[in-house]
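Survey of secondary and tertiary structure
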Amino acid sequence: MNRFEEFLQDYEAREAEKTNTFMKRLDEGKVAQNENYPPKERFIKLKEPIAEPFVNIWGVVPFYGSTIAKLIPKDSKKAFDETHEILGFNSRKIDEMMDFQKETGRIQFALTMPPTYYKNLEFLEPLFHELEPPTLAYDHIPFVGNELDKKYNIEFKTLAEFGFNRYIEYATKEYGNSNPTYITTKLDNYASNYSVLKASGYEELADEIGTLMLIDYPKAHQYLILFGILISNPQKSLLKPICNFDKSFIDSANEFGNSYGIGINNDVPYEIGKFLLNKTTLYPETMSGCNKVIQEYDDQELYKVLGALNDGVRRTNIDVIEDKKIDMSEILDNVWNDAERLRMEAAGIRFGVSLNLGLIGEIAAGFSGLGILAGLGFTAVDNLWGMQNDSVSEKIAKFVSPNYLVSIYDFKKKHALKN
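A brief report on the enclosed structure follows. Everything numeric in this text was worked out from a predicted model, so none of it was measured.

1. What about the pattern of salt bridges?
If you walk through the whole model with that rule in mind, you get 14 salt bridges. For Arg 25, the salt bridge identified is with Glu 35, shortest N-O distance 2.9 Å. Of this pair, Arg 25 sits in helix H1 (residues 3–27) while Glu 35 sits in the loop between H1 and strand E1 (50–53), placing them 10 residues apart in sequence. Judged by its relative accessible area of 27%, Arg 25 is partly exposed.

Below you can see the structure in the form of C-alpha cells.
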C-alpha cells in the first residue's frame, strides 16, 4: 500500500464518521428542514442555488451560485479523462479549476464514491489535500422505510442474479473501473433506485424494469439510470441540488416516461445556456469563457434572460420543437432575432406607422388631454412626457410584446449585442 492509499483510508474514515453522525441526527429527527449534507462549511465560498450538471459544467456555471464538479473514480488517468471530458474537464485542467474554486466558489469539487475508490488517480492527491472535497451522500430509508426497503432489495437482488449482475460488471469494466467494491456499490445504488420507484407509486415501472433485467440487460440498465436521476436521486440526495440536462436526455426521459406519467417539463435545457454563452463570449463551454461571462454580467440578469429564452422556445410551435431534424439552435436564433422587432416597432410607432394605433390611442386616452395626440405622431408624445431613456414609443412597443421578448431585447440593448 502506497502513501496515497493510506491517506485515502484515513480520509474515508473521517468522511464516514461525519456521514454517520449526520445520519444518526436524521434518524432522531434532529435535522432542520433546510439542512443539507454535506454541510455548507465543507465547501469553499458556496453560494446558492447549487447546480448538479449532467452536461458540460461550463455551460451551467454562469447561471447558478455554485456548480458541482463531480469526480468519478476510474482505473487510470486515461479513463478518468475520457469520462470527465463529457463534463467539460480532464486531469490537465484540475489545477486551474482548483484555483477557480478557491477564488470564486462558482465550482465545487465533490466525490461520488468513498475516497479509497480513487486510489489509482494519484494526480488528485493535491486536490484532496488542499480542498478536502466532501463525498456526496444519499439516503432512501427515510422515504422507503426499513421493512419495505428490505423487501424490495431482496426482489431486486433475486432478479439480478439471472445475469444482470454480470452485465453490470462487464459494462462497468468497459467504462474504466474494475474495482469489485465499486461494482457492488453501483448495484446497491440500483437496488435503492428500484426501492424508491416502488415506494413512490411507480410499481408498474419498477416491475417493467424487473422484467427487462431478465430479458434486456442494456435497456434495464438505461431505465435504472434514467429514472434513478429523475425520481430516485432527488429523493435520496441530501444536498438537494438543481439538476441540469441536455435536450437529448429530456427527450429520452419524456419518451420512456410518458406512459408512466413521468417527464421533464419545467427544466431549462442545457442548449439554451450554451446558446446564450455563444452570444456573450468568444469561448463558450470553456473555463476562460465562463470566467469572462461571470466578470461582465450580473448573475440575476443572466438567469432572467435564460428563462426568457426558455419561454420563447416553449412558445414556438410544438411540432417544430419535437422535430428531431430541427436543431434547437435554429429555434433559439429565431427567438433571439425576434427581439429585434421591438426596436423596429418602436421606430414605427415614433413615425406614426404602426398597426397598433387604436391601442395606442386608448393608452394615451388614459391621461388627461393626451388622447388626441395619438393621431399627431409619437415624437410629440415623447417630448411632452419628457422621457430620458426609453421613449414612449419604445415603452408602447414593449407593452404590446411578450414579456420574454422584452427581457431579451433589454439584455441585448444594454450590452450592445446584435447577433
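2. Observations regarding helix H8 (residues 180–199)
An ideal rise of 1.5 Å per residue puts 28 Å on 20 residues; H8 measures up with 29 Å between its terminal C-alpha atoms. The distance from a side-chain oxygen at the start of H8 to the backbone nitrogen of Thr 181 is 2.9 Å, and the residue carrying that oxygen is Asn 179. Just downstream of H8 lies Gly 201, where phi reads positive at about 95°.

3. Quick notes on the layout of surface pockets
There is about 1900 Å³ of room inside the largest pocket. Lining the largest pocket are 48 residues, and of these Ile 72, Thr 112, Tyr 182, Lys 186 and Asn 189 lie nearest its centre. In terms of residues, the lining of the largest pocket owes the most to one element, H8, which gives eight residues.

4. Looking at H1
Every α-helix carries 3.6 residues per turn, so stepping three or four residues along brings you back to the same face. Along its 25 residues, H1 runs 36 Å from first to last C-alpha, staying within 8% of the 36 Å computed at 1.5 Å per residue. Within the span of H1, buried status applies to Phe 4, Phe 7, Leu 8, Tyr 11, Glu 15, Thr 19, Phe 22 and Met 23. The inward-facing, buried residues of H1 abut strand E3 (107–111) and helix H4 (125–131). Backbone geometry just downstream of H1 places Gly 29 in the positive-phi region, at approximately 70°.

5. Here's the deal with the environment of Glu 35
Given the relative accessible area of 28%, Glu 35 is considered partly exposed. Separated by 204 residues in the primary sequence, Glu 35 and Leu 239 have C-alpha atoms spaced 8.5 Å apart. Once you skip the residues sitting within four places of it in the chain, Glu 35 turns out to touch Phe 22, Arg 25 and Lys 30. Polar side-chain contacts of Glu 35 include one of 2.9 Å to the side chain of Arg 25.

6. Description of a nonpolar patch on the surface
Taken together, the side chains of Phe 162, Leu 214 and Ile 215 define a hydrophobic patch exposed on the protein surface, amounting to about 340 Å² of accessible area. The topology assignment puts Leu 214 in helix H9 (residues 203–215).

7. Considering the sheet that holds strand E4 (residues 242–244)
In any sheet, the strands associate via hydrogen bonds between backbone groups, in a parallel or an antiparallel arrangement. Strand order in the open sheet formed by four strands is E3-E2-E1-E4, with parallel pairing between adjacent strands. In the strand order of this sheet, the two ends are held by E3 and E4, each with one partner. Ignoring which end each strand starts from, the neighbouring axes of this sheet average 35° apart. Packed on one face of the sheet, helix H3 (residues 94–104) meets strand E2 (66–71) and E3 and runs near 120° to E3.

8. Here's the deal with empty space enclosed by the protein
Overall, the coordinates contain two cavities of 30 Å³ or more when judged by the stated rule. When its volume is computed, the second largest cavity comes out at roughly 60 Å³. In this structure, the second largest cavity is lined by Tyr 37, Pro 38, Glu 52, Ile 68, Leu 136, Ala 137, Tyr 138, Ser 237, Leu 239 and Pro 241. A class-by-class count of the residues in the lining of the second largest cavity yields eight nonpolar, one polar and one charged.

9. Describing the packing of helix H7 (residues 164–174) against helix H10 (residues 217–236)
Remark: H7 packs on H10, axes separated minimally by 10 Å, with the N-to-C direction vectors making an angle of 75°. On the basis of the axis angle, H7 is roughly perpendicular to H10. Packed against H7, whose contacting residues are Phe 164, Tyr 167 and Ile 168, the element H10 presents Tyr 217, Pro 218, Ala 220, His 221 and Leu 224 at the interface. Residue classes in the contact of H7 with H10 are distributed as seven nonpolar, one polar and no charged.

Calculation criteria
Residues numbered from 1 in each chain as written. Predicted model: local features only at pLDDT ≥ 70, side-chain atom pairs only at ≥ 80, totals over all residues. Heavy atoms only, no water. Salt bridge = Lys/Arg side-chain N within 4 Å of Asp/Glu carboxyl O. Helix = DSSP H or I, 4+ residues; strand = E, 2+ residues; numbered from the N terminus. Buried < 20%, exposed > 50% of the residue type's maximum accessible area, 1.4 Å probe, protein only. Expected span 1.5 Å × (residues − 1). Polar contact = N/O pair within 3.5 Å; in protein donor to acceptor, adjacent residues only side chain to side chain. 1 Å grid on protein atoms, 1.4 Å probe; cavity = no way out; pocket = protein on both sides within 12 Å on 5 of 7 lines; lining within 4 Å. Points joined across faces, edges and corners; volume = space filled by probe spheres on them. Contact = heavy atoms within 4.5 Å. Patch = residues over 30% accessible without salt bridge, like charges linked within 9 Å, V, L, I, M, F, W, Y side chains within 5 Å. Areas by Shrake-Rupley, 256 points an atom, 1.4 Å probe, with all protein chains shown as cover. Pairing = 2+ DSSP bridges. Axes fitted to C-alpha atoms, helices over the stretch in contact; angles between N-to-C directions. Nonpolar A, V, L, I, M, F, W, Y, C, P; charged D, E, K, R; others polar. Parallel < 35°, antiparallel > 145°, perpendicular 65-115°, else oblique.

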